[in-house]
Amino acid sequence: MSATGGKTSPGALSAVNVTFNSAGLFAPSSLRGKRCVASNDPSKPLVSVALSLSVIYDFQGFFGGVKNPPVLNRVNQGSTVPFVFSLRGKKGLNIFPAGSPSSVEIECDFYLAAFLFW
């Protein structure tokens, strides 16, 4: 499935990624919307999926050595990377979801090409 089309077999599921832009929103605030999906099912030719975005923290970006997206931060394997950021006020340590922070390996050629042609 893509943002503009695709096929899903009967009884199957397809993941659809939705990206929100929270630029200009301040905590606390929220947005609501819907994603409409056309179907060839005569009983449900149009399916509406409710979407919501809640801004609960006023993230001001990273400070110090970590640069904000779209910059690709390069580090050596095994390095310790201190993250400095602000949420405007003391929020405690419950700001991190279970399993975070975390890191993932990325395909460097893909990101390099993305930055060369952006």
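Preceding block: the structure.
A few points on the structure. (Residues numbered from 1 in each chain as written. Predicted model: local features only at pLDDT ≥ 70, side-chain atom pairs only at ≥ 80, totals over all residues. Heavy atoms only, no water.)

### What to know about the overall build of the protein
At step 1: In terms of regular secondary structure, the protein is built from one helix and four strands.
At step 2: Start at the N end of the protein and walk to the C end: the helices and strands fall as β-β-β-β-α.
At step 3: When burial is assessed residue by residue, the protein has 6% of its 118 residues classed as buried. (Helix = DSSP H or I, 4+ residues; strand = E, 2+ residues; numbered from the N terminus. Buried < 20%, exposed > 50% of the residue type's maximum accessible area, 1.4 Å probe, protein only.)

### A few points about unusual backbone geometry
At step 1: Residue P28 is reached from A27 by a cis peptide bond, and omega for that bond is -15°.
At step 2: Within the fold, P28 resides in the segment before β1 (29-38).
At step 3: The omega angle of the peptide bond from P69 to P70 is 10°, so this bond is cis rather than trans.
At step 4: Along the chain, P70 falls in the loop between β3 (62-63) and β4 (84-85).

### Thoughts on the pattern of salt bridges
Pairing is possible between side chains of opposite charge, provided their charged atoms come close.
At step 1: Following the criterion strictly, the structure yields one salt bridge and no others.
At step 2: When the shortest N-O distance is used, the salt bridge between D58 and R88 registers 3.3 Å. In this pair, D58 sits in the loop between β2 (46-55) and β3 while R88 sits in the loop between β4 and α1 (108-116), placing the two residues 30 residues apart along the sequence.
At step 3: The class for D58 is buried, based on a relative accessible area of 13%. (Salt bridge = Lys/Arg side-chain N within 4 Å of Asp/Glu carboxyl O.)

### Quick word on a nonpolar patch on the surface
At step 1: On the surface, V16, V18 and F20 cluster together to form a nonpolar patch covering roughly 230 Å² of accessible area.
At step 2: Relative to the assigned elements, F20 resides in the segment before β1. (Patch = residues over 30% accessible without salt bridge, like charges linked within 9 Å, V, L, I, M, F, W, Y side chains within 5 Å. Areas by Shrake-Rupley, 256 points an atom, 1.4 Å probe, with all protein chains shown as cover.)

### Observations concerning the side chain of D58
At step 1: Of the polar contacts made by the side chain of D58, one reaches the side chain of Q60; its length is 2.9 Å.
At step 2: Polar side-chain contacts of D58 include one of 3.3 Å to the side chain of R88.
At step 3: Ignoring anything within four residues of it in the chain, the contact list for D58 reads F26, A27, S86, L87 and R88. (Polar contact = N/O pair within 3.5 Å; in protein donor to acceptor, adjacent residues only side chain to side chain. Contact = heavy atoms within 4.5 Å.)

### Let's talk about the environment of S22
At step 1: Looking at where S22 falls in the secondary structure, it is placed in the segment before β1.
At step 2: With 31 residues separating them in the primary sequence, S22 and L53 have C-alpha atoms 8.3 Å apart.
At step 3: For S22, the contacting residues outside a window of four places in its chain are L53 and V55.

### A closer look at the packing of aromatic side chains
At step 1: In the structure shown here, the tally under the stated rule is five aromatic pairs.
At step 2: Taking the centre distance of 5.3 Å and the plane angle of 75° together, the rings of F59 and F62 count as edge-to-face.
At step 3: Judged by its relative accessible area of 42%, F59 falls in the partly exposed class.
At step 4: Taking the relative accessible area as the measure of exposure, F62 reaches 24% and is therefore partly exposed.
At step 5: Summarising the aromatic geometry, the rings of F59 and F85 are spaced 6.1 Å apart at their centres and angled 50° between planes, so their arrangement reads as tilted. (Phe/Tyr/Trp six-rings, centres within 6.5 Å; stacked < 30°, edge-to-face > 60°.)

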